[in-house]
Amino acid sequence: MEHFYLTRKLLIFLFWTALWQAASMAVGNSILLVGPADVLKTLIALAATADFWKTIACSAGKIFLGFFLAFAAGIFLGTASFRLPFLEELLAPVIALMKSIPVASFVILALIWIGSENLCIFISFLVVLPMIYLNTLAGLRSTAPELLEMADVFHVPFFRRIRYLYLPALLPYLISGCRVALGMSWKSGVAAEVIGTPAWSIGKQLYLSKTWLDTASLFSWTLVIIAVSAVFERIILFLLSRIPCGTPYKEEGK
């Protein structure tokens, strides 16, 4: 079954690659649409340089930092709002603004406030925070009331309530939120870099590729973004799936 699954995925990949190559040949202009062979050649040439890896490390480090800060802040504020309804009302206008204001507006304001070097950290943070906050709040509220009443009756300790009652309810929402937030952190972070063009950033390379009409480099850096974002997503979701939680009955049955 696994062999069939991998074969099917490979065939799908080959189909879209062939379609891409055919479209490139039909257009007949490498500036408008470059073929996969040229993109691969450019990507290999870029990967042979130290600057390529330094650029990826700098951009990834900043975007990861923005995501993790937003992840921690979202869980903290979501938990606090769950316990203090007034705090939720107080934060509601701010969260609504974060969700509705375009990323470009955030970027321009941030350029005025903090400059370009740490711009993608700030933008990734602002984009991810509402997603984690709202999913944390929804997850905690989904905890079964009858289980909470039972915990009150039997005086279940606080940390056991977190592990056996709140975490099982929260994790599905948190994982769902992270699936969206991880991709958005990269999209918004790189978009901020394209506008701010800080040194040693993927966004600056995309901007230069556009300026020089180097479509092969533009596609190559885009593939890098997709690959790094996918690896990052797998790591984070794997770590979330390893968080120990469940019911006391399962624990005793081990």
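Residues numbered from 1 in each chain as written. Predicted model: local features only at pLDDT ≥ 70, side-chain atom pairs only at ≥ 80, totals over all residues. Heavy atoms only, no water.

The chain appears in an unreviewed UniProt entry as ABC transporter permease subunit from Candidatus Lachnoclostridium stercorigallinarum. Turning to the chain, the UniProt record has this under Subcellular location (unreviewed entry): "Cell membrane". (UniProt positions renumbered as here; feature names shortened; annotations may be inferred.)

1. Describing the overall build of the chain
When you go through the chain residue by residue, the secondary structure sums to 11 helices and 0 strands. Along the chain, helices and strands appear, N-terminal first, in the series α-α-α-α-α-α-α-α-α-α-α. A burial count over the chain gives 35% of its 254 residues as buried. Here the analysis covers contacts within the chain between residues at least 6 apart in sequence; of these, 74% occur between residues at least 24 apart. Surface exposure of the chain reaches about 15,100 Å², of which carbon and sulfur atoms provide 72%. Computed over 19 positive and 14 negative side-chain charges, the inter-centroid distance for the chain is 3 Å. (Helix = DSSP H or I, 4+ residues; strand = E, 2+ residues; numbered from the N terminus. Buried < 20%, exposed > 50% of the residue type's maximum accessible area, 1.4 Å probe, protein only. Contact = heavy atoms within 4.5 Å. Areas by Shrake-Rupley, 256 points an atom, 1.4 Å probe, with all protein chains shown as cover. Lys, Arg positive; Asp, Glu negative; His and termini not counted. Charge placed at Lys NZ, Arg CZ, Asp CG, Glu CD.)

2. Considerations on the nonpolar core
Of all hydrophobic cores here, the largest spans 41 residues; its most connected members are F67, I123, C178 and W186. Only helix 3 (50-83), helix 4 (85-100), helix 5 (103-114), helix 6 (119-141), helix 8 (158-196), helix 9 (202-211) and helix 10 (215-241) provide two or more residues apiece to this core. With 11 residues, helix 6 is the single largest residue contributor to this core. Apart from residues lying up to four places away in sequence, C178 is in contact with F67, F71, I132, L237 and L240. Counting 6 residues, the second largest nonpolar core, distinct from the first, contains A151, L165, Y166 and L170. (Core = buried A, V, L, I, M, F, W, Y, C linked by side-chain atoms within 4.5 Å.)

3. Things to note about unusual backbone geometry
We note that H155 has phi near 55 degrees; this positive angle belongs to a residue other than glycine. The residue H155 is located in the loop between helix 7 (145-153) and helix 8 in this model. Judged by its relative accessible area of 66%, H155 is exposed. The backbone of T197 sits at a positive phi, close to 45 degrees, despite the residue not being glycine.

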